[in-house]
Amino acid sequence: DEALKAPSTRPPQDITRALLQKALQESVVRNFGEVGAGNLFTGMTVKYYNPIASVFIARVSREWHTMFWSAITFIRQLKESEVVCRVLSVSNLSRSCSRAALFHVRDRVALVRKQLKLHEHAQKEKLDKEAAALEMSLCELEH
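Residues numbered from 1 in each chain as written. Predicted model: local features only at pLDDT ≥ 70, side-chain atom pairs only at ≥ 80, totals over all residues. Heavy atoms only, no water.

Undergrad: Before we go on, may I ask you to explain the overall build of the protein chain in this structure?
TA: Across its full length, the protein chain carries four helices and six strands. Counting across all 143 residues of the protein chain, residues that qualify as buried make up 42%. Taking contacts inside the protein chain between residues at least 6 apart in sequence as the whole, the part at least 24 apart equals 67%. Surface exposure of the protein chain reaches about 8,300 Å², of which carbon and sulfur atoms provide 53%. (Helix = DSSP H or I, 4+ residues; strand = E, 2+ residues; numbered from the N terminus. Buried < 20%, exposed > 50% of the residue type's maximum accessible area, 1.4 Å probe, protein only. Contact = heavy atoms within 4.5 Å. Areas by Shrake-Rupley, 256 points an atom, 1.4 Å probe, with all protein chains shown as cover.)

See the structure below:
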């Protein structure tokens, strides 16, 4: 399993698992051809995706995880938004990847809370909503 931060810039909230999987497939085909896509996608599944936290967890067969890792880093755009994808964790256990995603979301919550203290009242409401949504993501990951 691989826990990935996708993407580092704020994505549109309407990116779905299916759209993410399609972008992955296009990246693999473009960079590794049809054979690479066939090999990778016979055993790949997106186990978890949360657009608010910008995190997804994918299960990939061991022999193809480096191809997956490469393909994910080549994705630069989703729904006309610039994105940067990076790997947070690679592990044999889903639990380890979930833990890495959990730490990432906790860090995001702390960052948003810190920004809340620094910004004017007009932005506080928006940041407070984002923090609340991220905290709900934490609950989802913890269970």
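After presenting the structure, the write-up continues.
Undergrad: Please clarify how the nonpolar core should be interpreted in this entry.
TA: Across soluble globular proteins, nonpolar side chains show a tendency to be buried alongside one another. By size, the foremost hydrophobic cluster in this structure holds 23 residues, and its most contacted members are L24, F56, F68 and I75. When residues of this core are assigned to their parent elements, the largest contribution, seven residues, is made by helix 1 (residues 17-41). The residues contacting L24, other than those within four sequence positions of it, are F41, M44, F56, F68, I72 and I75. Membership of the second largest hydrophobic core comes to 11 residues, among which are I57, V112, A131 and L134. (Core = buried A, V, L, I, M, F, W, Y, C linked by side-chain atoms within 4.5 Å.)

Undergrad: Got a minute to help me understand helix 1 in this structure?
TA: Think of an α-helix as turning once every 3.6 residues; residues three or four places apart then point the same way. Between the first and last C-alpha of helix 1 there are merely 14 Å, a value that for 25 residues lags more than 12% behind the 36 Å anticipated at 1.5 Å per step. As for helix 1, its buried residues are in contact with strand 2 (45-50), strand 3 (55-59), helix 2 (65-74) and strand 4 (77-78). (Expected span 1.5 Å × (residues − 1).)

Undergrad: In this structure, what is going on with the side chain of S27? I would like to understand it.
TA: In this fold, S27 is placed in helix 1. Given the relative accessible area of 0%, S27 is considered buried. A distance of 2.6 Å separates a polar atom in the side chain of S27 from the backbone oxygen of A71. Apart from the residues lying within four places of it in its own chain, the contact partners of S27 are A71, F74 and I75. (Polar contact = N/O pair within 3.5 Å; in protein donor to acceptor, adjacent residues only side chain to side chain.)

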